[in-house]
Amino acid sequence: MPAKQVAKKLKSFVKSEAVTHRGMTIPAKHLRFGGSNFIDDEAFLSSGEHEAERLQSSFGLSRNMALLDLGCGPGRLPIGILSKIGEIRAYRGVDVSQTPIEWCSKYIEKEHPTFQFTHMDIKNERYNPSGSSSVGLPFPDASFDVIYLYSVFSHMKTPDIQAYLTEFKRLLKATGKVFLTAFTEDKVPEMEENPPNYKQDWKGALHCVRYEKKFFKKLLKDYGFTVDKLEYGTETDGQSGFYLSSL
Ligand SMILES: C[S@@+](CC[C@H](N)C(=O)[O-])C[C@H]1O[C@@H](n2cnc3c(N)ncnc32)[C@H](O)[C@@H]1O
């Protein structure tokens, strides 16, 4: 086993991996993504519950539906769904980071077998720099009612987004919906990595990838999606929320 993995395993023995908050098992603080936003246990759980309720009220997410959570991280949305809606027919969480997928498999999938988690070794310079496989998701055509990705396209350049949009078109039912967040602004370059003087001091590869709003909307349209609703700047770190349907 490589030294880095041994160190990670040792660390997980020392620190506990999970905590219980309001009866729900959630990842310990050091395993959460989202910087200072979700450090507080209540903030983590209630944000996941808020996401479940968003999908319920906007897309009618219900127990007989199938949902893909791309870049699921350590389970914020599925924990929120379990708390607010209960087990749905099929929840599929995919991520390029191994540790959160291991956490979700151990603490969510074991208890709730319709919630399944898959690690994909797709390259992302921030989250999985040594990844090798190309974007291609192991699910049949038209298998999802909802596709969700929170704070994921905010760490991706255009070619990866194009590859995922192609996959979403294949995977989504004709009546399916997508919710995603992204940094989008007017009158900025079409795409910029870690834009200076923008919201915070971004450091490291793909910390923040910002898009020009019209360019981003055209990208979505070119790949077969229409923006039904756009909430500007309402999400983590000032990202905007996009509600999409198939064209
Ligand atoms: C800021 S975190 C958000 C996690 C989760 N969506 C949430 O809101 O709590 C971004 C996530 O996207 C994942 N990610 C980055 N590139 C990805 C890719 N190409 N495919 C799938 N997931 C990716 C990262 O590993 C990380 O878990």
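Scroll up to find the structure.
These remarks concern the structure in this document. Small disclaimer: the values here were computed from a predicted structure and weren't measured.

1. Notes on the overall build of the protein chain
Then step 1. A count of helical and extended segments in the protein chain gives six helices and 11 strands.
Then step 2. Here the protein chain has a C-alpha radius of gyration of 17 Å; the compact-globule value for 247 residues is 18 Å, and the two agree.
Then step 3. Along the first, second and third principal axes, the C-alpha atoms of the protein chain reach 50 × 40 × 35 Å.
Then step 4. Burial statistics for the protein chain: of 247 residues in total, 34% are counted as buried.

2. Some details on the pairing of strand 4 (residues 90-95)
Note on strand geometry: in a regular strand, side chains alternate between the two faces of the sheet.
Then step 1. Burial runs high along strand 4: five of the six residues are buried.
Then step 2. Relative to strand 4, strand 3 (residues 66-70) runs parallel, the two sharing five bridges. Within strand 4, the position partnered with L70 by the bridge is V94.
Then step 3. On the question of chirality, the crossover connecting strand 3 to the parallel strand 4 by way of helix 3 (residues 76-84) is right-handed.

3. Let's talk about helix 2 (residues 41-59)
Then step 1. Between its first and last C-alpha atoms helix 2 spans 27 Å; for 19 residues at 1.5 Å apiece the expected length is 27 Å, and the two agree.
Then step 2. Buried residues along helix 2 sit against strand 1 (18-21), strand 2 (24-27), helix 3, strand 6 (144-149) and strand 7 (172-185).
Then step 3. Phi turns positive, to about 65°, at G60, one or two residues after helix 2.

4. Topic: the site of the ligand
Then step 1. Surveying the vicinity of the ligand reveals 20 residues, the closest of which are G71, G73, S97, N124 and Y127.
Then step 2. Its residues placed into classes, the shell around the ligand shows 10 nonpolar, seven polar and three charged.

5. Points about helix 4 (residues 98-109)
Then step 1. Listed in full, the buried residues belonging to helix 4 are P100, I101, W103, C104 and I108. Buried residues of helix 4, viewed axially, fall in a sector of 160°; they line one side.
Then step 2. In this structure, the buried side of helix 4 is in contact with strand 2, helix 3, strand 4 and strand 5 (115-119).

6. Focus: the environment of E51
Then step 1. You can see E51 is positioned in helix 2.
Then step 2. Note on E51: 22 C-beta atoms within 10 Å, which makes it buried.
Then step 3. Measuring from C-alpha to C-alpha, the distance between E51 and K84 comes to 9.8 Å, with 33 residues separating the pair along the chain.
Then step 4. Ignoring any residue separated from it by four or fewer positions in sequence, one finds E51 in contact with R76, L77, G80 and Y150.

7. Examining the nonpolar core
Then step 1. Formed by 54 residues in total, the largest nonpolar core has its most connected members in L67, V146, I147, Y148, L149 and V178.
Then step 2. When residues in this core are grouped by element, the largest group, six residues, is from strand 7.

8. Details of unusual backbone geometry
Then step 1. Within the chain, K187 stands out as a residue other than glycine whose phi angle is a positive 55°.
Then step 2. Structurally, K187 can be placed in the loop between strand 7 and strand 8 (191-193).
Then step 3. Its 7 C-beta neighbours within 10 Å are what place K187 among the exposed residues.
Then step 4. Although it is not a glycine, L206 adopts a positive phi angle of roughly 55°.
Then step 5. Tracing the backbone through its elements, the reader meets L206 in the loop between strand 8 and strand 9 (209-212).

9. With respect to the environment of M65
Then step 1. Along the chain, M65 falls in the loop between helix 2 and strand 3.
Then step 2. With 23 residues separating them in the primary sequence, M65 and I88 have C-alpha atoms 6.2 Å apart.
Then step 3. M65 has contacts with I88, R89, D145 and V146, leaving out every residue within four places of it along the chain.

10. With respect to the pairing of strand 5
Then step 1. Taken together, the five bridges between strand 4 and strand 5 define a ladder with parallel strand orientation. Within strand 5, the residue paired with R92 across the bridge is Q116.

11. Let's talk about the packing of helix 2 against helix 3
Then step 1. Packing of helix 2 against helix 3 leaves a shortest axis separation of 7 Å and a crossing angle of 75°. Here helix 2 lies roughly perpendicular to helix 3, going by the angle between them. Across the interface between the two elements, F44, L45, S47, G48, E49, E51, A52 and E53 from helix 2 touch R76, L77, I79, G80, I81, S83 and K84 from helix 3.
Then step 2. Among the residues forming the contact of helix 2 with helix 3, the class breakdown is six nonpolar, four polar and five charged.

12. Quick word on the environment of E87
Then step 1. Its place among the elements puts E87 in the loop between helix 3 and strand 4.
Then step 2. E87 sits 25 residues away from H112 along the chain, and the two C-alpha atoms are 7.1 Å apart.

About the criteria used
- Residues numbered from 1 in each chain as written.
- Predicted model: local features only at pLDDT ≥ 70, side-chain atom pairs only at ≥ 80, totals over all residues.
- Helix = DSSP H or I, 4+ residues; strand = E, 2+ residues; numbered from the N terminus.
- Rg over C-alpha atoms; globule rule 2.2 N^0.38 Å.
- Buried ≥ 20, exposed ≤ 12 C-beta atoms within 10 Å, placed from the backbone.
- Pairing = 2+ DSSP bridges.
- Right-handed = clockwise from strand over helix to strand, strands pointing away.
- Expected span 1.5 Å × (residues − 1).
- Contact = placed C-beta atoms within 7 Å.
- Near = placed C-beta within 6 Å.
- Nonpolar A, V, L, I, M, F, W, Y, C, P; charged D, E, K, R; others polar.
- Arc of directions from axis to C-beta.
- Core = buried A, V, L, I, M, F, W, Y, C linked by C-beta atoms within 7 Å.
- Axes fitted to C-alpha atoms, helices over the stretch in contact; angles between N-to-C directions.
- Parallel < 35°, antiparallel > 145°, perpendicular 65-115°, else oblique.

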